[in-house]
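Each chain, written out:
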Amino acid sequence: MPTDAATSAGTTEAASRPATTSWPAVVSVMAGIFSIVTTEILPIGLLTSIGSSFTVSDGMAGLMMTMPGFLAALSAPVVTAATARVDRRLMLCAFVLLLALANFLAAAAPGYWLVLVSRVLVGITIGGFWSIGAGLASRLVPADAVGRATAVIFSAVPLGSVLGVPLGTLIGDIAGWRTAFAAMGVLAAAVFVALLLALPPLPPEQATRLAVLGGMLRSVNTRFALAVTFLIVLAHFGAYTYISPFLEQVTHMGPGLITVFLFLYGAAGIAGNFIAGSRAARHPRATFAVAAALIAASASLLPVLGQSRAGAVALLVVWGMAYGAVPVCSQTWFAKAAPHALEASSVLFTASFQATISLGALVGGVVVDQFSPSAVMTSGGVTAALMALVVWLHHARRIDWPGGD
């Protein structure tokens, strides 16, 4: 239960919320996360072509997914704490400029090592921008619009899949993977202008210190949030990072059709995001458990049913809808665990999410190199099933849950 101090802090925060809804500001933050998400997962659609350019294996090429996540996990608490007294609008703009630089660097990289350096910069951007932007809705809209604004901001995650990755893959097929990264650099520069024009000044309301983050870990709900986020993100990115090799080798599809399938996956993700956005605030455990069960079923069945194109696309649509619910469910769980420290909860959400993206891509790379793309799908399905079990244990222990469920 919240303490009197936490309640007082929540009351103060609610009173400071704007009286009018600033949707251009909300959309500009969403655009920032869209450009970040697209840049982060763009290598999924270009994995084979980038690996061929530098003569590296699919597993080694998967390091492009591993590097940003690890750096984001480190930079989320460090950068947020170090810039605790800096205007959040200024920091968001600075991170997007860094993202533009990273994309242009990747586009011009003469060797694979420089591509990995660019991914380090992407990781720093992810850690800083997500930690600030993920929980920003309450400062941009009135209290009764926070749920809708949060859903809009997090729609950037499936939008990155439905628009960013397929379009990036298409650009890569037509003009080369370097052009795809250059296009992302241009987009990041445009987002910088949008943030500069749309966001109001956002002076820090409460300094996020490392000690605050450490204190949050003493909460049982926060520890469960870390556990379920770790398992579901490990399951998803351990398998989905290597979906292109699976579709090429098992379903026997060409690059053009893979782009179409990724588009359908992302479209389902958008639907899942908005469905979960309305349900996660009231029933985060149940919504999260259903999403995990659907991911477990989809990934586990792909080696069996994914040999046909109809089976593969049906399972990818279910997978996409389920994963669309994951980020908003995870962020909601962290926020409910620490309602008095929303930016700190966003930091923990970002750090845990990104660290596990890296670990998932790394573990998946080992499995796909040592065994097969089918084996990595099976391992992802088993891990997602374990996450659903952890949610059930949280419910079975009848742990106090702020706000219901």
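Residues numbered from 1 in each chain as written. Predicted model: local features only at pLDDT ≥ 70, side-chain atom pairs only at ≥ 80, totals over all residues. Heavy atoms only, no water.

Chemist: Sorry if this is basic, but what is going on with the overall build of the protein here?
Modeler: If you tally the helices and strands in the protein, you get 18 helices and zero strands. Buried positions account for 57% of the 405 residues belonging to the protein. Considering only residue pairs separated by 6 or more positions, the protein has 87% of its internal contacts joining residues 24 or more positions apart. Of the roughly 15000 Å² that the protein leaves accessible, carbon and sulfur atoms contribute 71%. (Helix = DSSP H or I, 4+ residues; strand = E, 2+ residues; numbered from the N terminus. Buried < 20%, exposed > 50% of the residue type's maximum accessible area, 1.4 Å probe, protein only. Contact = heavy atoms within 4.5 Å. Areas by Shrake-Rupley, 256 points an atom, 1.4 Å probe, with all protein chains shown as cover.)

Chemist: How do you make sense of helix H15 (residues 284-305) when you look at a structure like this?
Modeler: Because each turn of an α-helix spans 3.6 residues, side chains separated by three or four positions in sequence point in the same direction. Along its 22 residues, H15 runs 30 Å from first to last C-alpha, staying within 8% of the 32 Å computed at 1.5 Å per residue. Every buried residue of H15 is accounted for by Pro284, Arg285, Thr287, Phe288, Ala291, Ala292, Ile295, Ala296, Ser298, Ala299, Leu302 and Pro303. (Expected span 1.5 Å × (residues − 1).)

Chemist: Looking at this structure, I do not really get the confidence of the model for the protein. What am I missing?
Modeler: Close reading of the predicted structure is inappropriate where its pLDDT is low. When pLDDT is averaged along the protein, the result is 78; 83% of the residues meet or exceed 70. Between residues 1-16, whose pLDDT stays under 50, and residues either more than four places distant or in other chains, the model counts eight contacts. (pLDDT = per-residue confidence, 0-100.)

Chemist: Could you clarify how one ought to interpret unusual backbone geometry in this entry?
Modeler: In most cases, non-glycine residues show a negative phi, while peptide bonds are predominantly trans. Within the chain, His252 stands out as a residue other than glycine whose phi angle is a positive 60°. Here His252 shows up in the loop between helix H13 (243-249) and helix H14 (255-280). Residue class for His252 comes out exposed when judged on its relative accessible area of 58%.

Chemist: What am I meant to see in the packing of aromatic side chains here?
Modeler: Here the distance between the centres and the angle between the planes together describe a pair of aromatic rings. By the definition in use, this model includes six aromatic pairs. Relative to Trp319, the ring of Tyr240 lies with its centre 5.9 Å away and its plane at 65°, an arrangement referred to as edge-to-face. Of this pair, Tyr240 sits in helix H12 (residues 220-240) while Trp319 sits in helix H16 (residues 309-337), placing them 79 residues apart in sequence. The pair formed by Tyr240 and Trp319 is uniform in burial state, with each residue classed as buried. Aromatic ring contacts, followed pair by pair, group Phe54, Tyr112, Trp177 and Phe181 into a single cluster. (Phe/Tyr/Trp six-rings, centres within 6.5 Å; stacked < 30°, edge-to-face > 60°.)

Chemist: Would you mind showing me how to read the environment of Trp177 here?
Modeler: Among the secondary structure elements, Trp177 is positioned in helix H10 (residues 177-198). Given a relative accessible area of 6%, Trp177 falls into the buried group. Residues Trp177 and Ala106, spaced 71 residues apart in sequence, show a C-alpha to C-alpha distance of 9.6 Å. With residues near it in sequence (within four places) discarded, Trp177 still touches Leu46, Ser49, Ile50, Ser53, Phe54, Ala106, Val115 and Gly172.

Chemist: Got a minute to help me understand the side chain of Ser35 in this structure?
Modeler: Assignment of secondary structure puts Ser35 in helix H2 (residues 23-54). With sequence-adjacent residues up to four places away left out, Ser35 is seen in contact with Leu99, Met184, Leu187 and Val191.

Chemist: Even after reading the chapter, I still don't get the nonpolar core, so can you show me in this structure?
Modeler: For soluble globular proteins, nonpolar side chains are generally found buried alongside one another. In this structure, Ile243 and Trp319 are the most contacted members of the largest nonpolar core, which totals 119 residues. In terms of residues, this core owes the most to one element, H2, which gives 15 residues. Setting aside residues up to four positions removed in sequence, Trp319 forms contacts with His236, Ala239, Tyr240, Tyr265, Ile295, Ser298, Ala299, Leu302 and Met377. (Core = buried A, V, L, I, M, F, W, Y, C linked by side-chain atoms within 4.5 Å.)

Chemist: Honestly, a nonpolar patch on the surface in this entry has me stumped. Any pointers?
Modeler: Judged by side-chain polarity, Leu163, Leu167, Leu170, Ile174, Val260, Phe263, Leu264 and Val317 come together as a nonpolar surface patch covering roughly 670 Å² of accessible area. Looking at the nonpolar patch, the element that brings in the most residues is helix H9 (residues 156-175), giving four residues. As for its position among the elements, Val317 is in helix H16. (Patch = residues over 30% accessible without salt bridge, like charges linked within 9 Å, V, L, I, M, F, W, Y side chains within 5 Å. Salt bridge = Lys/Arg side-chain N within 4 Å of Asp/Glu carboxyl O.)

Chemist: Please clarify how the packing of helix H5 (residues 88-108) against H10 should be interpreted in this entry.
Modeler: A pair of packed helices is characterised by two quantities: the angle between their axes and the separation of those axes. Across the interface, H5 lies against H10 with an axial gap of 8 Å and an inter-helix angle of 165°. By the criterion of interaxial angle, the relationship of H5 to H10 is roughly antiparallel. The handedness of the crossing between H5 and H10 is left-handed. When its residues are assigned to classes, the contact of H5 with H10 shows 21 nonpolar, two polar and two charged. (Axes fitted to C-alpha atoms, helices over the stretch in contact; angles between N-to-C directions. Parallel < 35°, antiparallel > 145°, perpendicular 65-115°, else oblique. Left-handed = near helix turned anticlockwise from the far one by under 90°. Nonpolar A, V, L, I, M, F, W, Y, C, P; charged D, E, K, R; others polar.)

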